[in-house]
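# Secondary and tertiary structure notes
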Amino acid sequence: MSDAADDRDPIDPTPPPEGASDAVAEGPPVAEVLEAATPKRKPRTRKAKPKVDAAPAEVDEPEAVAEPEAVIADPPAPEVSEAVVETAEEPVEPEAVETPEPEAAEPPPPPPAKPPIWKRRPWQIGAAASVAVVIAIVVSLLWSLPLGRALEPLANPTLVIVASDGSPIARRGSYKEAPVDVAKLPAYVPGAFIAIEDRRFYKHIGVDPKAILRAVGANAKAGGVSEGGSTITQQLAKNAFLSNKRTFRRKIQEVLIALYLDARLSKDEILSRYLSSVYFGDGTFGLGAASRHYFDKTPEQLSVGEAAMLAGLVKAPSRWAPTENFEGARTRMKTVLGAMVDTGVITQAQADRAERQVHVQAGRPKLPTGSYFADWVFPQAKAVFENTYGETVVRTTLDPRLQAQAEKILNDAIARDGKVLNVTQGAIVAMRTDGRIVAMVGGRDYKVSQFNRADAERPPGSAFKLFVYLAAIRQGMTPTTPILDAPVQVSGWTPKNHEGKYAGREVPLITAFAASSNVAAVRLAHDIGRDPIVKTARDLGITDPIPDDLTLALGTGPMSLVRLTAAYAAIDAGEAPVIPHGLADWKKPANVHPLTKAELASMRDLLRSATQRGTGIEAAIPGAFGKTGTSQDSRDALFVGYVGDLVIGVWVGNDDNSPMNGVVGGGLPAKIWKSVATWAVNRDAPKPAEPEGDDAVSAAEDPTLLNPDGTPVDGAVPVEGAAPADPNAPPVPAPGPAAPAVPAAPVVTAPAAPATDRPAN
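What you are looking at is a predicted structure, and each value in this text was computed from that prediction instead of being measured.

### Some points on a nonpolar patch on the surface
A cluster of nonpolar side chains, Phe248, Ile252 and Leu256, forms an exposed patch at the surface whose accessible area comes to about 320 Å². Relative to the helices and strands, isoleucine 252 resides in helix α13 (residues 248–264).

Quick look at the structure:
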């Protein structure tokens, strides 16, 4: 019995508490008890904790009962041992359960290593890549910014348009002089800008947080934008690289660029670029241009007051431009002078003297910003001339005297007849046979309306028949080729002659052209086809769209008066196309080719017939060639023709496209054309040589000169060997009147058709 007792576990003398056996038998499962008693650990997401297999408790080892802490600390065994059951018999202290010491049993596992980037989740890789790309883009954009942009000439430099004689016509574009260097300026010049715009310029890093906070407070009190916090560096960033839009995005860009500029450039370099590009009003950019424009000085010559006045313009250049608002500019100047005193740039005495020493003296004469011709020629000049500092003088082909006369003739004609005829507008284009525009009137008053009607597209009417008949000549026809002048119907369309008059028989082409027969032109277009007509128009320089049907023969497709006049100039020049241009320095394109002699002879006969005995009789002057044109319902009326090497196109009508009162191309337009052409021809005609006066040759040069009484002229040197004149000799009679000049042969013109038979268009 004793041996058996030694093999059993020792018996705890303490009796179990009442109901303990029931609790063990009826309580929760042992696994749940152990799970509740075991402290929870944070689960590992990647590396699972290595599982420790606990050996099952043995009944013959009393240590299992003597040290229950080790049982709680170890992971639960898969089987329930008696030791575990016995531990449940004693009350478990909560402190013992909550403060296990597993670390004492084994060292903590090392933290799991981060997986390589290619094994991470896709969204993490994408986010990292996006951030890297954004950073790279921002850095590359900042690094690639052209730091010298503020020093470059403007994209739209000032162009001064001058006429062929050098007289100025208009000035267009922005004015900017060469960059300035603050090191070469008097100290008070940059000091004025720093005092009023950015007092902490030499202390901040491109952005001034104090100024921003101060501006926020001032604006909050004012209930609006009353003060800005931008530094000079930020203003440079905006002027050189950004727009003037007030958006949060632009402000962030401005801050980033300012920080970058401050890191890349010195303070003096930043200030030089700022002064070279800031806007001063009146279209002037930079201190050099402003000094010249307002005071006719260089920046180095500015006085204290002048520097202060220019510094004051930066905040509101249009409002305080001294050429427009001197008192406002003067008031602003006093504010700047006070700031200069506060910052120690000048003394109060200097400020007091400076107020009395400022006088505006414009360095550039005032010129119009445009005219009809200037607006038309400006794109040509901008395409040819490179961007540069200062002003670029562009010499053009305009004849200022002819231009002024054309404007007067057009205005007088409309003022005289416009009310009765319901004509409110007109246009004139005059060019030489090489395409040089010598006059361009785009309307009655440029100040009232800048719309250039000379370059606007309007239906040319019968003036388009030039291309129809030239295409027929190219097909082998001649001015005497017959064509039927009778009513016709083409594809359901019935064209009609003006006033419904028809010859009712075949007539020569020259007769049909002179009378501007519509039915003859449509028949001719039908016979030769549309394509040859279009090709002929393109060959003469017409680029406007042309209708696809036979109505093209009557000029229903709109086109520019400039290009239409250039097409008539091709007949006068004998080559095509004639390119209208306004620059004096212009080269003829390589695609110009001569017209054949047959084409020129036939077309000149046709154009002469229209002015001598046809619809253009009102334009008849010696040597005139031309053609009338009238659109449907008299909405447009034209006359285009030439005399000598001057080609003129005239249009009248209304901007609202309303019909005129019976106006046709052979009426008011032909009269205007004749007036302009007559004035130009008379002016350009060679003047007869004037007879030389008595003092044309000095007495010393011609010793034979005598006075009316026969005595030598004072100072005359007697000819060697010649006898002196006898003072008692009778006076030499004065020479008789010169024989009358032979009259010029009269110009023989074809008799005009009776007024009742004249076609109107």
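### As for the sheet that holds strand β6 (residues 391–395)
In spatial order, the strands read β2-β1-β6; together these three strands make up an open sheet with mixed pairing. Only two strands of the sheet have a single partner each, and these edge strands are β2 (168–172) and β6. When the angles between neighbouring strand axes are averaged without regard to direction, this sheet yields 20°. As defined by bridge partners, strand β1 (residues 158–162) adjoins β6 across five bridges and the pair is classed as parallel. Bridge pairing in β6 places valine 160 opposite valine 393. Where helix α20 (residues 372–384) meets the sheet, it contacts β1, β2 and β6, and its direction lies at approximately 60° from that of β2.

### Observations concerning the sheet that holds strand β15 (residues 624–630)
Across the sheet, five strands lie side by side as β8-β7-β17-β16-β15; this open sheet has antiparallel pairing. Both edges of this open sheet fall to β8 (437–441) and β15, since each of them pairs with a single strand only. Neighbour-to-neighbour, the strand axes of this sheet turn through a mean angle of 10°, independent of strand direction. The strands that helix α27 (residues 597–613) touches are β15 and β16 (636–643); relative to β15, the one it contacts most, it runs at about 70°.

### Brief notes about the pattern of salt bridges
According to the stated counting rule, one finds 29 salt bridges in the structure shown. A salt bridge links arginine 474 to aspartate 539; the shortest N-O distance between them is 2.7 Å. Of this pair, arginine 474 sits in helix α22 (residues 465–474) while aspartate 539 sits in helix α25 (residues 530–539), placing them 65 residues apart in sequence. Salt-bridge contacts for aspartate 684 lead to arginine 683; the nearest nitrogen and oxygen are separated by 3.0 Å. Judged by relative accessible area, arginine 683 falls into the buried class, the value being 18%.

### Comments concerning the packing of helix α10 (residues 188–197) against helix α18 (residues 326–342)
For any two helices packed against each other, one specifies the crossing angle of their axes together with the interaxial distance. One way to put it is that α10 packs onto α18 with a least axis distance of 8 Å and a crossing angle of 95°. When the axes of α10 and α18 are compared, the pair comes out roughly perpendicular. When α10 is examined against α18, the residues Tyr188, Ala192, Ala195 and Ile196 are found in contact with a partner set consisting of Arg332, Thr335, Val336, Ala339 and Met340. When grouped by side-chain class, the residues that make up the contact of α10 with α18 number seven nonpolar, one polar and one charged.

### Observations concerning helix α15 (residues 287–295)
Counting buried positions along α15 yields eight of nine residues, so the element is predominantly enclosed. Those residues of α15 not exposed but buried are Leu287, Gly288, Ala289, Ala290, Ser291, His293, Tyr294 and Phe295. The elements touched by buried residues of α15 are β3 (175–176), α10, α14 (267–277), β4 (279–281), β5 (284–285) and α16 (304–313).

### A look at unusual backbone geometry
Note the cis peptide between alanine 576 and proline 577, where omega equals -5°. Not every positive phi belongs to a glycine, and serine 491 is a case in point at roughly 55°. Here serine 491 shows up in the loop between β10 (482–485) and β11 (505–508). Here the phi dihedral of asparagine 657 falls at roughly 65°; this positive angle occurs in a residue that is not glycine. Within the element layout of this structure, asparagine 657 appears in the loop between β17 (646–653) and α28 (668–684). Taking relative accessible area as the criterion, asparagine 657 reaches 35% and is therefore assigned partly exposed.

### Regarding the environment of proline 487
One can find proline 487 in the loop between β10 and β11. Judged by relative accessible area, proline 487 falls into the exposed class, the value being 53%. Put simply, proline 487 and arginine 523 are 36 residues apart on the chain and 9.9 Å apart in space, counted from C-alpha to C-alpha. The contacts of proline 487, once residues within four sequence positions are left out, are Tyr502, Val519 and Arg523.

How each quantity is defined
Residue indices begin from 1 for each chain and proceed along its sequence in written order. Given that the model is predicted, a residue must reach a pLDDT of at least 70 before its local features are reported, and side-chain atom pairs must reach 80 or more before they are shown or counted; all residues, however, enter totals for whole chains, interfaces and linings. Note: side-chain values were computed over all heavy atoms of the structure, leaving out hydrogens and water. Put simply, a patch holds well-exposed residues, over 30% relative accessible area, that have no salt bridge, with like charges counted together within 9 Å and Val, Leu, Ile, Met, Phe, Trp or Tyr side chains within 5 Å. Areas reported as accessible are Shrake-Rupley estimates using a 1.4 Å probe. Residue values count occlusion only from the protein chains shown. One speaks of a salt bridge when a side-chain nitrogen belonging to Lys or Arg is within 4 Å of a carboxyl oxygen belonging to Asp or Glu. Secondary structure follows DSSP: runs of H or I at least 4 residues long count as helices, runs of E at least 2 residues long count as strands, and numbering of each begins at the N terminus. Here the rule is simple: two strands pair whenever DSSP picks up at least two bridges between them. The axes are straight lines fitted to the C-alpha atoms, using for helices just the contacting stretch, and the angles between their N-to-C directions are given from 0 to 180°. Pairs of residues are marked as contacts when any of their non-hydrogen atoms sit within 4.5 Å. Note on exposure labels: buried denotes an accessible area under 20% of the residue type's maximum, exposed denotes more than 50%, and partly exposed covers the range between, all computed with a 1.4 Å probe on protein chains only. What sets the label is the angle itself: under 35 degrees gives roughly parallel, over 145 gives roughly antiparallel, 65 to 115 gives roughly perpendicular, and the rest give oblique. Gly counts as polar in this scheme, as do all residues outside two lists: the nonpolar Ala, Val, Leu, Ile, Met, Phe, Trp, Tyr, Cys and Pro, and the charged Asp, Glu, Lys and Arg.

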